[in-house]
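Notes for the structure review
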There are 2 protein chains.
Amino acid sequence: MESVLRQIGSVRSSLDDRTHAPKQGWGSGQEALIEILPEYVEGLQGIAAGDDVLVLTWLHLGDRSTLRVHPRDDPANPMTGVFATRSADRPNPIGLHRVTVLGIEQQRLLRVEGLEAVDGTPVVDIKPLLPWERGSRP
Amino acid sequence: MESVLRQIGSVRSSLDDRTHAPKQGWGSGQEALIEILPEYVEGLQGIAAGDDVLVLTWLHLGDRSTLRVHPRDDPANPMTGVFATRSADRPNPIGLHRVTVLGIEQQRLLRVEGLEAVDGTPVVDIKPLLPWERGSRP
């Protein structure tokens, strides 16, 4: 498969390393910016303030050789296959984040609520939510 | 970013080309198999029949140069940025599918309901659902 991911943007946040990255974001109040590269701005047409969207990131600090982990890095949790967890350590460390768009600045800066990712994390996709992905806020 | 996706498995389904692939799957009753490559089977530990999971695929038939589309391939729908749609045509054609695991056969064949993807579609990740991704069935 021809499968080299293309970076479409980057996360700009106040989180500067992985140990400070909380585990789950939506509803947290955490604000961040997504800076979309100029060549992909056209793909944003139709996204507006107030939308809830899914942001797919490339968790570049993840260990791609890991197949089992203690969930939430807690040794008290039994070893579990990474596909049964949301660990960033996995063969393809794609992060999936539900966020609320607060606004779009300078046409290519998305201000979002709920994206808890380390500053500089590559963004690879944005998708609208389907109805059955709209669960309740924790 | 070091970002070559690794194929962890393949979809085995009765859908043999993209024009027959329905747009949205969960709740459709459509059954398919996910065949996990032997070297990644360890990562499945903890997934069981009855679980709802997210399957991430690589929609290898997608056109990666497309930035705007008529949603649902309907010319009556105004042109929209791909990041505001679930089109398979997008810079990184990652498919996101909510499915129900019906069973696991021979340790590495997941029988699932709701995965409407063309036979042979590469699978790149499987994730458990977080509570706020558990919306209602359509």
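Residues numbered from 1 in each chain as written. Chains lettered and ligands numbered in written order. Predicted model: local features only at pLDDT ≥ 70, side-chain atom pairs only at ≥ 80, totals over all residues.

Here's the deal with the overall build of chain A
- For chain A, the helix and strand inventory stands at zero helices and eight strands.
- The linear arrangement of helices and strands in chain A, starting from the amino end, is β-β-β-β-β-β-β-β.
- Per-residue burial for chain A yields a buried fraction of 38% across its 138 residues.
- Long-range pairs, those at least 24 residues apart, make up 73% of the contacts in chain A with a sequence separation of at least 6. (Helix = DSSP H or I, 4+ residues; strand = E, 2+ residues; numbered from the N terminus. Buried ≥ 20, exposed ≤ 12 C-beta atoms within 10 Å, placed from the backbone. Contact = placed C-beta atoms within 7 Å.)

A short note on the interface of chain B and chain A
- Across the contact, 49 residues belong to chain B and 49 residues belong to chain A.
- Of all elements in the fold, only strand E3 (52-58), strand E5 (80-81), strand E6 (94-105) and strand E8 (122-128) of chain B reach the threshold of two or more residues within the side of chain B that touches chain A.
- Sorting elements by how many residues they give to the side of chain B that touches chain A places E8(B) first, with six residues.
- Taken together, the residues of the side of chain B that touches chain A sort by class into 25 nonpolar, 13 polar and eleven charged. (Nonpolar A, V, L, I, M, F, W, Y, C, P; charged D, E, K, R; others polar.)

Observations regarding the relation of the copies chain B and chain A
- With an RMSD of 0.0 Å, the fit of chain B onto chain A corresponds to turning through 180° and sliding 0.0 Å along the axis. Taken together, the turn and the small shift mark the pair as related by a two-fold rotation axis. (Least-squares fit on C-alpha atoms with pLDDT ≥ 70 in both.)

Examining the pairing of E6(B)
Residues and elements named next belong to chain B.
- Sheet topology note: the E3/E6 ladder contains seven bridges and is antiparallel. Bridged to Val53 within E6 is Val99.
- By the bridge criterion, five bridges tie E6 to strand E7 (residues 109-113) in an arrangement that is antiparallel. The residue of E7 that forms the bridge with Val101 is Val112.
- Following E6, the chain reverses through three residues before pairing antiparallel with E7; Gln106 in that reversal takes a positive phi of roughly 50°. (Pairing = 2+ DSSP bridges.)

Considering the environment of A:Ile34
Residues and elements named next belong to chain A.
- Looking at the element boundaries, Ile34 is found in strand E2 (residues 31-36).
- The class for Ile34 is buried, based on 28 C-beta atoms found within 10 Å.
- Taking the C-alpha atoms as reference points, Ile34 and Gly120, separated by 86 residues in sequence, lie 9.6 Å from one another.

Describing the sheet that holds strand E6 (residues 94-105) of chain A
- The sheet built from six strands closes into a barrel, its strands ordered E1-E2-E7-E6-E3-E8 (chain A) with antiparallel pairing. Taken pair by pair, the neighbouring strands of this sheet meet at an average axis angle of 45°, ignoring direction. (Axes fitted to C-alpha atoms, helices over the stretch in contact; angles between N-to-C directions.)

Some thoughts on the sheet that holds strand E1 (residues 9-12) of chain B
- Spatial strand order, E1-E2-E7-E6-E3-E8 (chain B): six strands in a closed barrel with antiparallel pairing. Each adjacent strand pair in this sheet contributes to an overall mean axis angle of 45°, direction not counted.

Concerning the confidence of the model for chain A
- Mean pLDDT over chain A: 90, with 88% of residues reaching 70 or higher.
- With pTM at 0.91, the complex prediction returns an ipTM value of 0.90. (pLDDT = per-residue confidence, 0-100.)

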